[in-house]
Amino acid sequence: CGRYIARRVENIKVGTSPDWLQERLRAIGQKSINNVVDATNFVMFDMGQPLHAFDANKLVGGITVRKAREGERITTLDGKDVVLNSTVLVIADDEGPLAIAGIKGGTRAPVDEHTKNIILEAAYFKPSSTRKTSMALGIRTDASKRFENGITPEYAPIAMEEVPALLVKESRSLLRAGPVVDIYPQP
């Protein structure tokens, strides 16, 4: 992971996306899920930077980016039960994996209609690592394809601003976006 950016966004109201956003996603063959997930997907398709949102209230402790432990498991958002090994990079909290880095989120902290606070992430994962993991696990996603193609890490902070801006524009409540944590050891 060459760069990892995260921020907490509070006072989220999860619901249906506005018509214009649903129409734009539908035009490129994507289905609408909810306003938060749709905002992350819209930004990814618009500028090429994948993002992910976790329900902050479902996390235990802090988030780390680490190699999986042999035999750790994750159930992906599409219901696939995956056994991990030490070559797989994961996003984890103190209880275990939350997502397969750059590839697919898990079912432990998804954004749903009860979500009030999120942790939004934007990152740069090395192309070869993402490709090897994606191929080995048999999981190909729009995000993994973009990471495999070698996006620039310079888009991550821009994308991190775009998602809250979209949510504020369409929200009837006042969001509070916390400070951005940006870990970028070798710019």
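Residues numbered from 1 in each chain as written. Predicted model: local features only at pLDDT ≥ 70, side-chain atom pairs only at ≥ 80, totals over all residues. Heavy atoms only, no water.

Asker: Tell me what's going on with the nonpolar core, and back it up with residues and numbers.
Answerer: Within the largest apolar cluster, 24 residues are counted, with the highest numbers of intra-cluster contacts made by Ile-12, Val-36 and Ile-118. The element contributing the most residues to this core is helix α5 (residues 156-170), with six residues. Those residues in contact with Ile-12 that lie beyond four places of it in its chain are Val-36, Thr-115, Lys-116, Ile-118, Leu-167 and Leu-175. Among the nonpolar cores identified, the runner-up in size contains 17 residues, and Tyr-4, Phe-54, Ala-99 and Ala-101 belong to it. (Core = buried A, V, L, I, M, F, W, Y, C linked by side-chain atoms within 4.5 Å. Buried < 20%, exposed > 50% of the residue type's maximum accessible area, 1.4 Å probe, protein only. Helix = DSSP H or I, 4+ residues; strand = E, 2+ residues; numbered from the N terminus. Contact = heavy atoms within 4.5 Å.)

Asker: Help me get a handle on the packing of helix α1 (residues 19-27) against helix α2 (residues 35-47), residues and values and all.
Answerer: Following both chains from N to C, one finds α1 and α2 inclined at 50°, their axes separated by 10 Å at the closest point. What the angle tells us is that α1 and α2 run oblique. Where α1 crosses over α2, the handedness of that crossing is left-handed. Packed against α1, whose contacting residues are Trp-20, Leu-21, Arg-24 and Leu-25, the element α2 presents Asp-38, Ala-39, Asn-41 and Phe-42 at the interface. (Axes fitted to C-alpha atoms, helices over the stretch in contact; angles between N-to-C directions. Parallel < 35°, antiparallel > 145°, perpendicular 65-115°, else oblique. Left-handed = near helix turned anticlockwise from the far one by under 90°.)

Asker: Report on the sheet that holds strand β8 (residues 104-105), specifying residues and quantitative values.
Answerer: In spatial order, the strands read β3-β6-β7-β8; together these four strands make up an open sheet with antiparallel pairing. Whereas interior strands pair on both sides, the edge strands pair on one side only; in this sheet they are β3 (64-67) and β8. When strand β7 (residues 96-100) meets β8, the two strands line up antiparallel, connected through two bridges. Counterpart to Ala-99 in the pairing with β8 is Gly-105. (Pairing = 2+ DSSP bridges.)

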